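Residue-level listing of the chains:
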Amino acid sequence: MKKLVELITNTWVLGAFALAFAIGASFADIGTVQMWSFVLINILLAQSINLLTGITGQISLGHAGFFAIGAYVCAAVLKTWGIPFPLAFVLSIVTTAAVGYVLAIPAGRVREFYLAMMSLAFGLIVYELAREWRGVTGGIMGMRGIPSSQIGTLNLFGWTIDTVWYFRIILVALLGVMLALRNFVKSHFGRAFFAVHVSEIAAGTLGISQSATKRAAYAISGGIAGLAGAFYAPLVGYLTPESFGMMRSVEVLVMSIVGGLGSLTGQVLGAVVFTYLPQKLQAFNDYQYMAYGLILVCVFTLLPKGLAGLLKTRTRYCKFEQSDLGQGREAATPLTRRDVQGRAEPLIRIQDVTMEFGGLRALKGVSLELRRGTITALVGPNGSGKSTLVNVISGIYKPTSGHIWFNNEDIGGWPSFRVARAGITRTFQDPRNVPSFTVRENILMGANRLYLHGAVGAAFNTGAAQAEEMQFLRRVNALLDISGLAMHADDIIGDLPYGIQRLAEVARALASDPDLLMLDEPAAGLSEQEAEQLIKLIRMARENGVAVMVIDHHMDFLAGLVNEVVVLEAGEEIYRGDMEGMRSNSAVIEAYLGTEEACHA
Ligand SMILES: Nc1ncnc2c1ncn2[C@@H]1O[C@H](COP(=O)(O)OP(=O)(O)OP(=O)(O)O)[C@@H](O)[C@H]1O
C-alpha cells in the first residue's frame, strides 16, 4: 500500500494524471468538466484550511469568509475595471492574504473555544457584508454580469476562455499550489507551523515566533482560499451571499477532517468526496441531509485519521530521507567548536532575579554566572525554584525584577523565541517533542533558528534550500550517532519509550548549536545505558565550549559530570561550590532533611 501511495503521489505520476484530465476534458461533456472544476476549487479550499487547522492547529469555522472575499474582489475588478483575469486573481490573493494577516493579530492571541468563536464571527461578518454592501456585491439579489467561462465572456487578450480551458487553467494553478505547499511543509517552515500546533511554549524555545508563525499561516491559508474564490467567480458567473454562508465554512472544515487533517493527499480525497457526495445524495430527496450526517458520523468514528488514514501514509516534514543523504559523504560535526581559552568573562550573568506569582516569590534575588565549557548543576528540594529559573532565563517567564546579561544585552523579559535565537536552548521536565514526527524530524527541528532561506526558497525548493536542509540533516545524523538513537531515526517518536524521547529532546536542543544549554531533569526515567548516552552528549557539549546547566535530583548522575553545584532553597541560593562541599554543607542538609532527596545526597 505504501509503495502504491508513493507512486500515485509522485510528482511525475501526478503530472501524468493531470495531463490525462486536461486532454480528457476535450472529450467530456461540459457539465462534467464544470464539475471537475468544482472539485479542483474544493481541493484548493481543503488545502487552505488544512494548512491553518490541520498543520498549524488554528481552528477555522469561518473559512468561507476568505473564499467570499476572493470571489467578490475578483468579480468586482473584472466587472468594473475589465483588467486581465490573472491580474484580478493576484488582487484576490493579495487581499485575502492581507485579511488573513490582520485577522491573525487578534486570533493569534486566543485558543480553543475562543478561537473557534472568533473565526466563526469572521465568517459571519463577511457573509453579512456580502448581503448588506449592495452597491458592490448586489446584496441578496446577487452579483451578475461577471465575465464567465460558461457563457464565453471570459477573455484574455482576445482569447475566449471556455469551460474546458478554464478547467485546465485551474488544474495548472492547483498543481502549482500543491507542489509549493508540499515543499513548504517539508521545510523548516512546515516544521515550525506544526511545532506551534503541538506546543507553543516548546516552539518558542526552538526560536520559532508563535505570533509570526500564526500570521504567516493565516496569510498563506487566506491567500489560497482567496485564489479558490477567484476561480469560483468566473466559473459560475453569478455570486450570491448564500454560497458563502456558515454551512459553506462547516463544509470546508468537514471536507478537510474527513480527508485527514494534516495530510495533503487526504485533502484531495476529501474534496473529491465532498463535491460528489451532496449530488449523489439528492437521490434521497428530503432525507439527503440525514444521509449526509450519518456518513459523517461513520467516518469520524471509524476513520479517526480520515480517508488519508486508509492509505497508511504520513506527511513527511523533512526534504530528504536517510537514503538521499548518501553514504560516505563527509561527516558533519554536531556542534560548532567554541573557543574557550582566554575567555574568562561569564557567558551569562543572572543578576538579582526575582520572580513572583501573585503573592508567591518563587525566586528571591538569585544571582548566578555561567561560563563557556562548564557544566553547572542546579539542585534543591521540590518547589525551590529551579524550573522557574530556567523558565525565566529561557524567556517563558518575565522576571519581576533583576537582569539577565547575555552577550552584553539584558535579555530578561525577551520573548522565548528571541532568547532561543540568541543561542540559549533548553529541555523540559516532560519531553515536549512533536509526537507524530520521526526522531530525525524532531531533532532537525532544533536547527530551526539556524536556517537562512526564506519562504519562497522553501516553496520553490531552491538549490540553496536543499543544500541547507542537507547540511543540517548531516548534523542530525552525527547527533543520532552520538546519542545512540540512529536505529530509531525514522521511528515516530510518540511510539518510542520515554527514555528515548528524552534523549531525542536533548539531541534536538543540541541541534540548535547553542551557547547555553539548560536541561531540566534530563536523567529522570532513563535506563542506565540511556543515562550513559546522555552523559556523552552533555560532555560533548562542554568539550565544544557550550555552557551547560543541569537540574537533577540524582547525585550519582551529577557526580563526576559537573564543575559546580548551585543549591536553591525556597527561591534563594544556599550553596555554591563542588559536590563534596555540598554533601557536608549544613544548610543543604537541613534543606533536604526528611525529604527523599536526602537519601540520594
Ligand atoms: N506558573 C506558575 N504559577 C504559579 N506558581 C508557580 C508557577 N510556576 C512555579 N510556581 C511556583 O513556584 C515555586 C517554585 O516552583 P519550581 O517549579 O520552579 O520548583 P522546582 O524547584 O523546579 O521544583 P521541582 O523539583 O518539583 O520541579 C513553587 O511553589 C511553584 O508552585
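Residues numbered from 1 in each chain as written. Predicted model: local features only at pLDDT ≥ 70, side-chain atom pairs only at ≥ 80, totals over all residues. Heavy atoms only, no water.

Turning to the nonpolar core, a few remarks are in order. Counting residues in hydrophobic clusters, the biggest one holds 95 residues, and the most contacted among them are I41, L44, F89, Y166, F231, L239 and F244. Broken down by element, the residue count for this core peaks at 13 residues, all from helix α3 (residues 30–55). When residues of this core are assigned to domains, at least three fall in each of domain 1 (1–245) and domain 2 (346–594). In this view, L44 contacts L174, V177, I224, L227, A228 and F231; residues no more than four positions away in its chain are not counted. Counting 56 residues, the second largest nonpolar core, distinct from the first, contains I375, A447, F472 and V562. (Core = buried A, V, L, I, M, F, W, Y, C linked by side-chain atoms within 4.5 Å. Buried < 20%, exposed > 50% of the residue type's maximum accessible area, 1.4 Å probe, protein only. Helix = DSSP H or I, 4+ residues; strand = E, 2+ residues; numbered from the N terminus. Domains from an automatic or database assignment. Contact = heavy atoms within 4.5 Å.)

The subject of this paragraph is the layout of surface pockets. In this model, the largest pocket occupies a volume close to 1,800 Å³. Every element with two or more residues in the lining of the largest pocket is listed here: α1 (2–8), α2 (11–24), α3, α8 (163–185), α13 (264–280) and α19 (439–445). Structurally, the lining of the largest pocket is a two-domain feature, drawing no fewer than three residues from each of domain 1 (1–245) and domain 2 (346–594). (1 Å grid on protein atoms, 1.4 Å probe; cavity = no way out; pocket = protein on both sides within 12 Å on 5 of 7 lines; lining within 4 Å. Points joined across faces, edges and corners; volume = space filled by probe spheres on them.)

With that settled, consider the sheet that holds strand β6 (residues 401–406). Reading across the sheet, the four strands line up as β4-β3-β6-β7 and stay open at both edges, with antiparallel pairing between neighbours. On the outer flanks of this sheet lie β4 (360–370) and β7 (409–410), each paired with one strand and no other. Of the strands in this sheet, β3 (348–357), β4 and β6 touch helix α17 (residues 386–393), which is tilted by about 115° from β3. (Pairing = 2+ DSSP bridges. Axes fitted to C-alpha atoms, helices over the stretch in contact; angles between N-to-C directions.)

As assigned here, the chain comprises domain 1 (1–245) and domain 2 (346–594). Between the C-alpha centres of domain 1 and domain 2 the distance comes to 41 Å. Counting from both sides, the interface comprises 23 residues of domain 1 and, opposite them, 30 residues of domain 2. At the boundary of domain 1 with domain 2, total buried surface from both sides reaches about 2,100 Å², with 65% on carbon and sulfur atoms. On the surface where domain 1 and domain 2 come into contact, there are one salt bridge. With a shortest N-O distance of 3.0 Å, E469 and R191 are connected by a salt bridge. Applying the counting rule to domain 1 against domain 2 returns seven residue pairs in polar contact (both at pLDDT 80 or more). For the side of domain 1 that touches domain 2, the secondary-structure elements that each account for two or more residues are α8, α9 (188–198) and α10 (200–205). Residue contributions to the side of domain 1 that touches domain 2 peak at seven residues, all from α9. Residue composition of the side of domain 1 that touches domain 2, grouped by class: twelve nonpolar, nine polar and two charged. (Buried area = accessible area lost by both parts, 1.4 Å probe. Salt bridge = Lys/Arg side-chain N within 4 Å of Asp/Glu carboxyl O. Polar contact = N/O pair within 3.5 Å; in protein donor to acceptor, adjacent residues only side chain to side chain. Nonpolar A, V, L, I, M, F, W, Y, C, P; charged D, E, K, R; others polar.)

The two faces of a sheet get side chains in turn, since along a regular strand they alternate between them. Counting buried positions over the five residues of strand β9 (residues 516–520) gives five, a clear majority of the element. Two elements, β9 and strand β10 (residues 547–551), share five bridges in a ladder whose sense is parallel. Note that in β10 the partner of L519 across the bridge is V550. Following the backbone out of β9, through helix α23 (residues 528–543) and into the adjacent parallel β10, one traces a crossover that is right-handed. (Right-handed = clockwise from strand over helix to strand, strands pointing away.)

A cluster of nonpolar residues, I125, L129, W133 and V136, forms a patch on the protein surface that exposes about 400 Å² of accessible area. Here L129 is to be found in helix α6 (residues 112–132). Here L129 falls in the partly exposed class, since its relative accessible area comes to 44%. (Patch = residues over 30% accessible without salt bridge, like charges linked within 9 Å, V, L, I, M, F, W, Y side chains within 5 Å. Areas by Shrake-Rupley, 256 points an atom, 1.4 Å probe, with all protein chains shown as cover.)

This part is about the site of the ligand. Taken together, 15 residues lie around the ligand, and N382, G383, S387, T388 and Q429 are the ones closest in. Within the backbone of G385, an N or O atom sits 3.0 Å from an oxygen atom of the ligand. For the ligand, an oxygen atom lies 2.7 Å from a polar atom in the side chain of Q429. With the chains in place, 64% of the 630 Å² that the ligand exposes on its own is no longer accessible. Here the element with the most residues in the shell around the ligand is α17; it accounts for three residues. Taken together, the residues of the shell around the ligand sort by class into five nonpolar, eight polar and two charged. (Near = heavy atom within 4 Å.)

All right, on to the environment of Y498 then. Looking at where Y498 falls in the secondary structure, it is placed in helix α22 (residues 498–511). For the pair formed by Y498 and D430, sequence separation is 68 residues and the distance between their alpha carbons is 9.5 Å.

Angle between the axes and distance between the axes: these two values describe a pair of packed helices. At a minimum axis distance of 10 Å, the contact between α9 and helix α11 (residues 210–236) shows a crossing angle of 110°. Viewed along their axes, α9 and α11 adopt a mutual orientation that is roughly perpendicular. The way α9 lies across α11 gives a crossing that is left-handed. Contact with α9, carried on its side by A192, F193 and V196, involves Q210, T213, K214, A216, A217 and I220 of α11 and no other residues of that element. Here the residues of the contact of α9 with α11 sort into six nonpolar, two polar and one charged. (Parallel < 35°, antiparallel > 145°, perpendicular 65-115°, else oblique. Left-handed = near helix turned anticlockwise from the far one by under 90°.)

Turning our eyes to something else, we now look at the packing of helix α4 (residues 64–80) against α6. Running from N to C, α4 and α6 point in directions that differ by 30°, and their axes come no closer than 8 Å. Touching G65, F66, A68, I69 and Y72 of α4 are F122, V126 and A130, all from α6.

Tallying each qualifying case throughout the model produces two cavities of 30 Å³ or more. Each pocket or cavity is described by its volume, and for the largest cavity that value is around 50 Å³. Considering the residues around the largest cavity, the lining is formed by L61, G62, L120, G123, L124, Y127, F244, G245, M246 and S249. Going through the elements one at a time, α6 and α12 (246–259) are the ones with two or more residues in the lining of the largest cavity. By residue class, the composition of the lining of the largest cavity is six nonpolar, four polar and no charged. Empty space within the second largest cavity amounts to approximately 40 Å³.

This part covers the sheet that holds β10. The mixed open sheet is built from six strands, whose spatial order is β8-β9-β10-β5-β11-β12. The open sheet terminates on both sides in strands that have one partner only, identified here as β8 (424–426) and β12 (572–577). Here the strands of the sheet are splayed against their neighbours by 20° on average, with no regard to which way each runs. Across the face of the sheet, α17 comes into contact with β5 (375–379), β8, β9, β10 and β11 (564–569) while running at roughly 145° to β10. Sitting on the sheet, α22 touches β8 and β9, and the angle it makes with β9 is about 165°.

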